[in-house]
Every structure is written in C-alpha cells, then in structure tokens.
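# Commentary on secondary and tertiary structure
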Amino acid sequence: MKTYGTEPGAPTPVQVGISELVVSDGDDTLKSYGLGSCLAIALYDPNTNIGGLAHVMLPDGDTADNSDRKPGKYADTAIRALLRRMVEQGANYTAVEAKIAGGSDMFEFESFGDGVGQRNIAAAKTELEKLGVPLEAEDVGGEYGRTVEFTPGTGTLVVKTSDGDNGVTEL
C-alpha cells in the first residue's frame, strides 16, 4: 500500500500548525491540516519563488496583547509577518500575490453575528487590500473542513475538503 510521502524521492511536507507561519524559497511544500474556521493564507512572489503559508485562528491581532509573540495567530498580523519575512529572503513586495482557503462556519451561533470563519476571511481581505496585495484565488466559507498544501515554487495551493462533494481543488 502506498501512502503519501513514501514514494521514492517524495519530499515530506513542512507542517504549518495552528497560529504558525512558514516562509520558504520554493523548494518545500507547506501543509496545514484541519482548517475549520481557521484560514490558510498563502503569499508568494512568482518571480523569486519565495512564498509562505499561515494558519490563522482569529481575525484581529492589532488589539491583542500577544500578537507580537504569535503573529501567525491573527489574519492581519500574519499577513504583515509573512510579507516582512518574504522580503527579508528576497521577495519583491510589489510582485507578491495571495490565495486563501478555509474560514468555514462549522458551528452556528446566531447570537454572535458573523462566525469566526467569516470574520477571518473579511480581516484577511481587508489587510491584503490595505497592503496592495492582490487576492488571486480563494476557496472559503461553507460548513466543512479543509486541508491545504502550498508550493511556493509554483504558487499552487491544493485544497482538499472533508465534505466529500468538493474533493480536491487546485488554486
């Protein structure tokens, strides 16, 4: 039986856990599992193949006390941290593009207004627009989980859904 990563020469993906972010020069595949209301934010520079992936939990880090210690936890601070780290590795800020996935509303809490998933999506889109980073593709919302694999070298974001209907989408 073949399983992922056991094929000869198949690289092991770099796992990006909840509230984490990772920047790569294009040689790695970055993977986040179990996105429910969390949002995967993939940024990449197609000219340098430098990119990064964040697995954000909450929308607004500017008002949080710990956002400087855990910038990957929040949509707004994660985007800024990814951009900063990418530029430090040689990416061109003006060439960077974005893709996002996740932000499901897994549970319904009518008394809270928009769910965390929808607020994560809105916060990411607002921050990207504010920073002038174009959003090239998205697979967001719904009521199902996702797992994503991002390859900075190609800019490909593969989204696998848990609902059984949507399967695998390549953004």
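Details of the structure are given in the entry above.
It should be emphasised that the depicted structure is a prediction, and the values quoted were computed from it without experimental measurement.

Moving on: the overall build of the protein. On a plain count of helices and strands, the protein comes out with two helices and ten strands. Along its sequence from the N terminus, the protein presents helices and strands in the succession β-β-β-β-β-α-β-α-β-β-β-β. Long-range contacts, defined as pairs at least 24 residues apart, comprise 62% of the intrachain contacts of the protein with a sequence gap of at least 6. Total accessible area computed for the protein in this model is approximately 8500 Å², and 48% of it derives from carbon and sulfur atoms.

To continue, consider the side chain of D139. The residue D139 is located in strand 7 (residues 135-140) in this model. Contact partners of D139, with chain neighbours within four places excluded, come to I100, A101, G102, Y144, R146, V159, T169 and L171.

Attention now moves to unusual backbone geometry. You will see that S19, though not glycine, has its phi angle at about 70°, which is positive. Assignment of secondary structure puts S19 in the loop between strand 1 (14-15) and strand 2 (21-24). You can call S19 buried: its relative accessible area is 7%. Positive phi, normally seen in glycine, also occurs at N49, with a value near 65°.

Once that is clear, we can look at the sheet that holds strand 7. Backbone-to-backbone hydrogen bonds pair the strands of a sheet. The strands run either parallel or antiparallel. Across the sheet, five strands lie side by side as 2-5-4-6-7; this open sheet has mixed pairing. Two strands lie at the open edges of the sheet, namely strand 2 and strand 7, each paired on one side alone. For this sheet, the mean angle separating the axes of adjacent strands, direction not counted, is 10°. Direction of pairing for strand 4 (residues 39-45) relative to strand 5 (residues 50-56): antiparallel, over a ladder of seven bridges. Across the sheet, the residue bridging to D45 is I50, located in strand 5. Sheet contacts for helix 2 (residues 116-131): strand 4, strand 5, strand 6 (97-102) and strand 7; angle to strand 4, the most-contacted strand, approximately 20°.

In this section: the pairing of strand 5. Along strand 5, seven of the seven residues are buried, which leaves the element largely enclosed by surrounding structure. By the alternation rule, side chains of strand 5 split into I50, G52, A54 and V56 and G51, L53 and H55, which are all buried. In this structure, strand 2 lies alongside strand 5, joined through four bridges in antiparallel fashion. Within the sheet, the bridge partner assigned to S24 lies in strand 5 and is G51. The antiparallel pairing of strand 4 with strand 5 creates a hairpin that spans four residues between the two strands, and N49 there sits at a positive phi of about 65°.

Parameters and conventions
Residues numbered from 1 in each chain as written. Predicted model: local features only at pLDDT ≥ 70, side-chain atom pairs only at ≥ 80, totals over all residues. Heavy atoms only, no water. Helix = DSSP H or I, 4+ residues; strand = E, 2+ residues; numbered from the N terminus. Contact = heavy atoms within 4.5 Å. Areas by Shrake-Rupley, 256 points an atom, 1.4 Å probe, with all protein chains shown as cover. Buried < 20%, exposed > 50% of the residue type's maximum accessible area, 1.4 Å probe, protein only. Pairing = 2+ DSSP bridges. Axes fitted to C-alpha atoms, helices over the stretch in contact; angles between N-to-C directions.

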